[in-house]
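# Examination of the molecular architecture
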Amino acid sequence: MAGPPDCFHCGEALPAGRPFVASVGGEEREVCCLGCKAVAEFIDGNDLGSFYRFRSQPHAGLDIRPELVAFKAYDSDDMRDRYVHVANGRAEAILDIGGMYCSACAWLLDAALARHEAIHSVDINPATRRAVVAWDFDALSFSGLLGVVAEVGFKPQPVGQDQKDASQERQYRLALKRLIVAAAAGMQVMMFAVALYTGDFFGIEPGVQKFLKVISLLVALPIVFYSATPFFRGAWRGIRARMPGMDLPVSIAIIAAFAASVRSIWLDSGDIYLDSVAMFVAFLSATRFMEMRARHRSDGFTLALARLLPDTAIRLAGDSQEIVAVDRLRAGDTVIVRPGDTVPADGVVISGELFVDESVLTGESLSQVRKVGAKVYAGASNQEGSGHIRVTLTGASTSLAEIGRLLERAKADRPPIAVLADRIASRFVLAILVIATATGLVWSAIDSSRVFEIVLATLVVTCPCALALATPAALAAAASRLAASGFLLVRSRVLEVMQPGATIVFDKTGTLTRGRPAVVHTRLLSDDGQAGKQYCKALAAALESTSEHVLARAFSVWYEAGLIDIQDMRPEAGKGVVATIGDTRYRIGSFDFVAELAGCHIAVDESEPSTHVYLGSESGFLAEFIIGDELRADARAALDALRAAGYRIAIASGDRAASVAGVATTLGVEDWQASLTPAAKLEFIANRRRLGETVIMVGDGINDAPVLASADASIALDAGTALARASADAIALGRRLMCIVDASNVAQQTRHIIRQNIAWAIVYNLAAVPLAAAGVLAPWMAALGMSGSSLIVVLNSLRLHRYGQSSQTSASLPVDPALSESVAT
């Protein structure tokens, strides 16, 4: 009896049901999976169909699809929970797309996935090589989705919260090696070029000249065949996708200059251009390396999220406890959360009482009480109390993971200026190629012996060195200048966006405020002359000195060891601290807790947006402490300066409305929003942008990370979370907000210098291109002109180092000594 039919490509038995069909040689062949279909059609589409005629008969069980076998592992429950969020049959996952280098790659993948019926949406960011894919999980498995991406020619890698991106480390090391080779070898080539140029003016023996040329060629070989390979690959990929990028004219110029140099050395006549090749590759390699490092920093959100979650959790199994990896938690499990623990998954409190710090998710500045029936979220830190939590969501379905997906979507949203820049760059590249081709055709009719020399001169003189350096050189100088005033650039778009007329949206907690509890007001409640305000402060600090509650930190500034002799002091969870001094018992904590000891009640007003702590003894209430979140020292001055400069100011916070309103009133801000979730903050920013406003976001928390990425530009505070810093375009160091004012002034000057640089580059090309096309400029002259134009751009950009330094001190608040030391370090 005949067995089941085999796969045409690999020989495996076909699965039950309808098999996949590949078109090979004009015939339909049955294959076992998408991987075999992709490979078979690739072989046939590239005229390699003879492979199937001459190969040995495939053996069943022979694994020639290692990637598809690896993809199958992602269908397990553990892998799915880690990487895929599924709700109502709709799945969503984040993928790192290996092999993606440009917007053409992103277009290719987007177009390919859009044709698949089971895929609902694809958001691709070519800068970070990340894609957020939503699809019908019932119609397409996770491994099937990875197979679809692999079929297009890319290497998909799921991204999870606890995954370290090893590919980024490999990419960094490889790029660094290429840059080192280009720089080291390039310096040697330039040294030989100086000797050759000197010999042209003062004379040189032919043997020595030949020797220097040959040595230059040997040293230049690793530059061309190792350091420059990314440009060649990018050019080839652009040609295949029919979307030529800047790598194409760069590659043509490098290959042409190198080929001409080899020909000159071989024939022992003519000029060589190896110094131009070395300089060209070194400059562009350095630019690419800096861009790559900035992109990797923007991808640091996965590690920042991972640090919030514990590696293990305590799970109840019947009457016993077991320590398990967080990945093994499932919905319905019961876990124990103790003081100091981090909540491992989203869930509901089923016993006990927790005091959790959820500022990473909600923006709430103070710890919140979570009693039985209350929801808690993964990543929240339990400050006090113990309890049991029934897990409801794990892995990619948690609120913390949702913030990660929101962040990826926000990064994938490309602003119109980025799309316009791509179009202009593509047309500029085409213009260069058209000019060089036209020049070659004209000179082939005039003097065919000069075609190569003139076309090469045209390509070299129009190579976008000055244009490529016009913006990066100015941005590098601006970054160095701003670092001295405590403002670090991560991505340069903040300098483009930061101009009068824009709206600056501030988060409240940790941004406009210090982000830590402080006693903002003390009120005496006793007529006892001995219980003065200073004594009550010292007594409260002594009582709170052994408490681990987050509010106890507000009293630490008043504590002096040994000032008050306290006996029998003990904290009571959720209530406060009780202690004995001499023969008198004291309590500090909630109103009811203190009233129980005092034996009396007083009229209190807790309508203020702050936390109230009471101090009392057996004889009655002594004092009331109002704890809030202090404003930063220069918050009002910074906001006033920004308003005077022409910016619109708004506040968007996850904190309570009463708390936000108080801060807004103090700072004179009329436009404010409170109780915003991360998704609501994103919508708030999106609405502003739809109305035509340019939005700059300033924040510090993890819940601010998606909105930081979605704004036109963003600034994070150095004291904030790693995720906020990784998502921001700039980081304000120390405790000063006035550095943002200084950044606004430098941004304006930077834009002015960039316009000057671009204008010079355009004028240079308008003047040099006709001369090169007319045959007036020799290739070496074109190389000198290109180098000279680049030097002018760099020198003009260096003026930013001195901009505003003399007036910086008078224009801002006094610099904190600790901040100065930090910046200097």
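Preceding block: the structure.
The sections below set out a description of the structure shown in this document. (Residues numbered from 1 in each chain as written. Predicted model: local features only at pLDDT ≥ 70, side-chain atom pairs only at ≥ 80, totals over all residues. Heavy atoms only, no water.)

Time to look at the overall build of the protein. When helices and strands are counted, the protein shows 30 helices and 29 strands. The buried share of the protein, taken over its 825 residues, is 49%. In the protein, the proportion of contacts linking residues at least 24 apart, taken out of those at least 6 apart, comes to 67%. Carbon together with sulfur atoms contributes 57% to the accessible area of the protein, which is approximately 38,100 Å² in total. (Helix = DSSP H or I, 4+ residues; strand = E, 2+ residues; numbered from the N terminus. Buried < 20%, exposed > 50% of the residue type's maximum accessible area, 1.4 Å probe, protein only. Contact = heavy atoms within 4.5 Å. Areas by Shrake-Rupley, 256 points an atom, 1.4 Å probe, with all protein chains shown as cover.)

Given two aromatic rings, their pairing is described by the distance between the two centres and the angle made by the two planes. With the rule as written, the count across this model stands at 10 aromatic pairs. Pairing phenylalanine 555 with tryptophan 558 gives two aromatic rings, centres 5.9 Å apart and planes at 75 degrees, and the pair type is edge-to-face. By way of ring pairs, the aromatic residues Trp135, Phe137 and Phe142 are connected into one cluster. The ring of tyrosine 226 is capped by arginine 178, whose NZ or CZ atom sits 4.9 Å from the centre of that ring. Between the NZ or CZ atom of arginine 450 and the centre of the ring of tryptophan 443, over which it lies, the distance is 5.2 Å. (Phe/Tyr/Trp six-rings, centres within 6.5 Å; stacked < 30°, edge-to-face > 60°. Lys NZ or Arg CZ within 6 Å of the ring centre and 35° of its normal.)

What follows covers the pattern of salt bridges. Taken as a whole and assessed by the stated rule, the structure comprises 16 salt bridges. Between arginine 636 and aspartate 640 there is a salt bridge; the shortest N-O distance is 3.1 Å. With arginine 636 and aspartate 640 both in helix α22 (residues 635-644), this residue pair falls 4 residues apart, about one helical turn. Under the relative-accessibility criterion, arginine 636 is labelled partly exposed at 40%. The exposure class of aspartate 640 is partly exposed, given its relative accessible area of 32%. (Salt bridge = Lys/Arg side-chain N within 4 Å of Asp/Glu carboxyl O.)

Let's shift gears to the side chain of asparagine 796. Assignment of secondary structure puts asparagine 796 in helix α28 (residues 779-797). Here glutamine 756 takes part through its side chain, which lies 3.2 Å from a polar atom of the side chain of asparagine 796. At 2.8 Å, the side chain of asparagine 796 forms a polar contact with the side chain of asparagine 757. Beyond its immediate chain neighbours, meaning those up to four positions away, asparagine 796 contacts Ile753, Gln756 and Asn757. (Polar contact = N/O pair within 3.5 Å; in protein donor to acceptor, adjacent residues only side chain to side chain.)

Taken in spatial order, the 6 strands line up as β9-β8-β10-β16-β11-β14 in an open sheet, and their pairing is antiparallel. Lying at the two open borders of the sheet, with one neighbouring strand each, are β9 (320-325) and β14 (375-376). In the sheet, strand β10 (residues 334-337) pairs with strand β16 (residues 387-393) via 4 bridges, with the strands oriented antiparallel. Residue threonine 334 lies in a different strand from β16, and its bridge partner there is arginine 390. (Pairing = 2+ DSSP bridges.)

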